[in-house]
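# Descriptive structure summary
The lines below spell out each chain.
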Amino acid sequence: LAQGGLHVFWGRFCFGSLAGGPGMRLLCGLNAGLVAAQPGVLEQLLRENKHLKEELGAELARHNMLIQEGSTPEVAVPLPTGATASLSTRGSALRVRVTRNGESPIDTPMVAPKTADMPYKPVKTEFGAGIASDAGSLVVNDQGVLTVLTPDGRPVTRTADLGSTNTTAPLGYNTTVSLACFDLSSTKQAQLYGRGAGPTDDLKMTAEGRVIPRVANRATYVPYYYSTDGYGVLAVVEKAYNTSKGSLFPATYEGKGEAVQWCADGALDLYFMPAETLEEGTKEFYSLTGGAAVPPKYAFGFTASRWGWSNRSYIQDTLEHFRTGSFPIDAFIVDFEWYANTSDYDLPAGGYEWFHDFGWHNETFPDPVRQLVQYKEDYHVRFAGIRKPRYGNSDVLKFAKSKGWILPQGEPAGDAPGPPDQPPGYYAQGRQVNYSIPEARAWYAEHMAHYTTEGVDFWWNDEGETDFYTFHWWNVAQRDAMRSVAPQKRFYTLNRAFTPGSARIGAAYWTGDVDPTWTDLLGTPGMMLNWGLAGAPFVTCDIGGFTGQTNAQLLTRWYQVGIFLPLMRVHSTETATPHWPWLWGPEPEAAMRGALELRYRLLPYHYSLAHRQYETGSLWMRPMVMDYGADSKAAGLTTQWMDGDLLVAPVLYEDNRKSIYLPNGTWYEFNTTNVIQGPQTITGTAGLGEVPVYVRAGGVVALAPVIQYSDALPGGRLEIQVYAGADGSFTLVEDDGETTAYEQGATRRVTFDYSDAAKQVTWTVQGAADGPATVEVYVTLFSGGKRVSS
């Protein structure tokens, strides 16, 4: 900015596509000439406004503007087709753009690197001319062949003539769009991970067939993969196509033996990330997309949700029952009935005057501020309400349409006919907000901000598949609303679909409107694992199934899966029995209480692993292939997974059968002295309260006492369980649990190191937590068939 770019900034950002956050609005309210003449004005703003620097940096990065000193311009390599290969870095990724008329990089919210763009230099190699950096190299030869190389110069993939597309393919889903295709070389044995998942492939970890990126109810696929040939790649195009089956992103890929065929519509930017392992490749992907913020601590407990909270008394009685029955809980979510006396599904395109988008329903929340204070003080629970990405009030809609803020399409309905006045396959057409417009976001944020002041803690965002990036920009608007009144508060939402990059904002996800069936329970772990590899590390589901009546056995088993999901939440439709534990009989009730108690005992463990994920990009919940990729039997499993050092294999079948595969090494049955040598498969029948969990040798697991809500932590002595047979380590991370102060290092870190030779645990402490912290610890050692506690 100081080098003469200030007026360009004002013109492009303040009067163009930005000025969304409170800090940006403050900056853009100034006069560019004044700030240019008096640079101290900008410096003072940066000092006084905590979020301005962050917002400014994020927005500059989002528009691919390099802000470090002496940024290197792209290296341009002419192609035989007359186009140009423009080569550079973004973060530690290698970017190639095929340009014909000097086009700018494609603007995408998916890319916002956590690190500065890696320095690079022009090079000439045996494979061609291009760029070299510590992350690897991109080079293009005289025939236009692009080669991607590792830092030590090993090729991992190459294209045919870059910019020459001899093949076309339809986008699919009944669109008429034709895509231009090209190949990336591949070994025949290469596997592709990270596509996302839906109900048709949730039992598979690798991409099979063509992957069409899209967001839809119950399915999200992304334009990214990691290849076991040793690289990851993210593709970016300029626009999406909206269909009744979801919003499609026209950058598809398909493994075809010795090639991966990519097909795209229009301009295409590719981000390559050379990496030897799936673990390293996933870290690089999260670094490119901005990482994953840590949700507030209460989100790691249990959330009770349903459609059908009838009135204030019902809310009070339900929360009271959770507490008096000793069923741990931290939050509850209310559907339409928190703000409206009816759903908005039957509203016409013009809305109704009596429908209020930004109010409270007087049956459930006649005194919202006092109620939410009481719920926090008496029951220690937080509240969220459902939000839809559309308006229902006629005056609001008239205003939004006059501003051009309404999307032409409705919410995809799949094969459903939709309302009589809507095109087949859609509903709520004419009422969907285009949140990619900064002014639309700012207006929405202004009208949402009062909810934070009144006590709403987070949002549950439903039916945002109206466009590929709707969920992302909708979350940006909600974050801005919250920050305008509570700038230090940690932002957190639950969303029905995702695009890579939204996790950095604080967005989390659930797997859509699943059915109360054993089939959908069986697919739940695979959905969570595949979504994690695709950029969504915080995933939950409608435990018990949403669309109809569940049963006690199915609900209990789903609760047990929920212990080991990143987030744990039940949900049910308005005509079904709520999924509260006490409504299903004594034995299921006891088993569900046991599941909740274990979830809360693991809360310090899970919360610390989420911090590690934020800091390193290493997934906390991860597929077996990430730890045991060389074991072909483990690599394809979706019915068991790793939770830190825990191997989790819950019961997923109606006949109560269990099947656990333990890879090579020494394993312990969790919380017991039973030792098992792998590789070995364990089968049998599990009782209703049994949840198969194993710990590998060297595992160090932190367990809290049984508590009823997260604010009760530490709750007494922390147990450190150590499983002998190898050295081990675990870092307990504690912070205030509520604010973004952890991003500036405001954490207390206690690292427990176990020496197997000495049978000794030592620890070191760094920092201080702004809140309750662990003061007493005892160690339980499992070794030689014995259990010894300090």
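For the structure, see preceding data.
Summary of the structure given here. Along each chain, residue indices are assigned from 1 in the same order as the chain's sequence is written. Reporting in this predicted model follows two pLDDT cut-offs: at least 70 for local features of residues, and 80 or more for side-chain atom pairs to be given and counted; totals over whole chains, interfaces and linings ignore these cut-offs and use all residues. Hydrogens and waters are ignored; side-chain quantities use all the structure's heavy atoms.

Here the focus is the sheet that holds strand β38 (residues 693-696). Should DSSP find at least two bridges between two strands, the strands are regarded as paired. A helix here means a DSSP run of H or I that spans at least four residues, while a strand means a run of E at least two residues long, and both kinds are numbered starting from the N terminus. Read across the open sheet, the 6 strands follow the order β33-β34-β35-β38-β36-β37; overall the sheet is antiparallel. This sheet does not close on itself; its edge strands, each paired only once, are β33 (621-623) and β37 (675-685). Taken pair by pair, the neighbouring strands of this sheet meet at an average axis angle of 25 degrees, ignoring direction. Bridging between β33 and strand β34 (residues 641-643) involves 3 bridges; their strand directions are antiparallel. Bridge assignment links P623 to a residue of β34, and that residue is W641. Contacts: residue pairs with any heavy atoms within 4.5 Å of one another. Axis definition: a line fitted to C-alpha atoms, over the contacting stretch in the case of helices. Angles run 0 to 180 degrees between N-to-C directions. Sheet strands touched by helix α12 (residues 518-533): β33 and β34. Its angle to β33, the strand with the most contacts, is close to 95 degrees.

On to the state of the cysteines, then. Note that a disulfide, as used here, is simply two cysteine sulfur atoms within 2.5 Å. For the coordinates displayed, the defined rule picks out 1 disulfide. A sulfur-sulfur separation of 2.1 Å characterises the disulfide bridge that pairs C181 with C263. Its S-S torsion of about 105 degrees marks the bond between C181 and C263 as right-handed, since a negative value means left-handed. Here the residue C181 occupies a position in strand β10 (residues 178-185), and C263 occupies one in strand β21 (residues 259-264), the gap between them amounting to 82 residues.

Moving on to the packing of aromatic side chains. For this analysis, a ring pair means two rings from Phe, Tyr or Trp (six-membered ring only for Trp) whose centres lie within 6.5 Å, classed as stacked if their planes differ by under 30 degrees, edge-to-face if by over 60, and tilted for the remaining angles. For the structure on display, the rule yields 64 aromatic pairs. Ring centres 6.2 Å apart and planes at 35 degrees place the aromatic pair W360 and F383 in the tilted group. Of this pair, W360 sits in the loop between β24 (331-334) and α8 (368-379) while F383 sits in strand β25 (residues 382-387); the two residues are 23 residues apart in sequence, bridging distant segments of the chain. Of the residues examined, W360 reaches a relative accessible area of 19% and is grouped as buried. With 6.3 Å between their ring centres and 50 degrees between their planes, W405 and W443 make a pair best called tilted. Placement of the pair is W405 in the loop between α9 (394-403) and β26 (411-412) and W443 in helix α10 (residues 438-454), with a sequence separation of 38 residues. Only protein chains enter the area calculation, which uses a 1.4 Å probe; residues under 20% of their type maximum are buried, those over 50% are exposed, and those in between are partly exposed.

Helix length check: helix α13 (residues 552-563) (12 residues) gives 17 Å between terminal C-alpha atoms against 16 Å at 1.5 Å per residue, within 8%. Counting buried positions over the 12 residues of α13 gives 10, a clear majority of the element. Among all positions of α13, only L554, L555, T556, R557, W558, Y559, Q560, V561, G562 and I563 are buried. Those residues of α13 that are buried are in contact with β23 (302-306), α12, β32 (568-570), α14 (586-601), α15 (603-616) and β34. Two or three places before Q553, at the opening of α13, N551 has a side-chain oxygen 3.2 Å from that residue's backbone nitrogen. Every helix has an expected span of 1.5 Å times one less than the residues it contains. Definition of a polar contact: a pair of N or O atoms within 3.5 Å, with one able to donate and the other able to accept a hydrogen when the atoms are protein atoms, and with sequence-neighbouring residues admitted only if both atoms are side-chain atoms.

Once that is clear, we can look at the pairing of strand β43 (residues 760-766). Put simply, side chains in a regular strand alternate between the two faces of the sheet. Relative to β43, strand β42 (residues 748-755) is paired through 7 bridges, and the arrangement is antiparallel. Its bridge partner being in β43, F752 is matched across the sheet by W763. Where β42 folds back on β43, the antiparallel hairpin that results is connected by 4 residues, among which K759 adopts a positive phi of roughly 50 degrees.

Moving on to a negative patch on the surface. Residues enter a patch when their relative accessible area is above 30% and they make no salt bridge; the linking distance is 9 Å between like charges and 5 Å between nonpolar side chains (Val, Leu, Ile, Met, Phe, Trp, Tyr). Here the open area of atoms and residues is found with the Shrake-Rupley method and a 1.4 Å probe, where only the protein chains shown may cover a residue. By convention in these notes, a salt bridge is any Lys or Arg side-chain nitrogen within 4 Å of a carboxyl oxygen on Asp or Glu. Residues scored as positive are Lys and Arg, those scored as negative are Asp and Glu, and His as well as the terminal groups of each chain are ignored. Throughout, a charge is located at the NZ atom of Lys, the CZ atom of Arg, the CG atom of Asp or the CD atom of Glu. A cluster of acidic residues, D317, E320, E377 and D378, forms a negative patch on the protein surface. Those elements that provide at least two residues to the negative patch are α7 (312-324) and α8. Mapped onto the fold, D317 is located in helix α7.

It is worth spelling out the packing of α14 against α15 at this point. α15 packs onto α14 with a crossing angle of 50 degrees between their chain directions and a minimal axis gap of 4 Å. Of the possible angle classes, the one that applies to α14 and α15 is oblique. Where α14 approaches α15, its residues R599, Y600 and R601 are matched on the opposing element by L603, P604 and H606. Taken together, the residues that form the contact of α14 with α15 break down as 3 nonpolar, 1 polar and 2 charged. The cut-offs work like this: below 35 degrees is roughly parallel, past 145 is roughly antiparallel, 65 to 115 is roughly perpendicular, and the gaps in between are oblique. Polarity classes work like this: nonpolar for Ala, Val, Leu, Ile, Met, Phe, Trp, Tyr, Cys and Pro, charged for Asp, Glu, Lys and Arg, and polar for all others, with Gly in that last group.

All quantities given are derived from atomic positions and should not be read as evidence of function.
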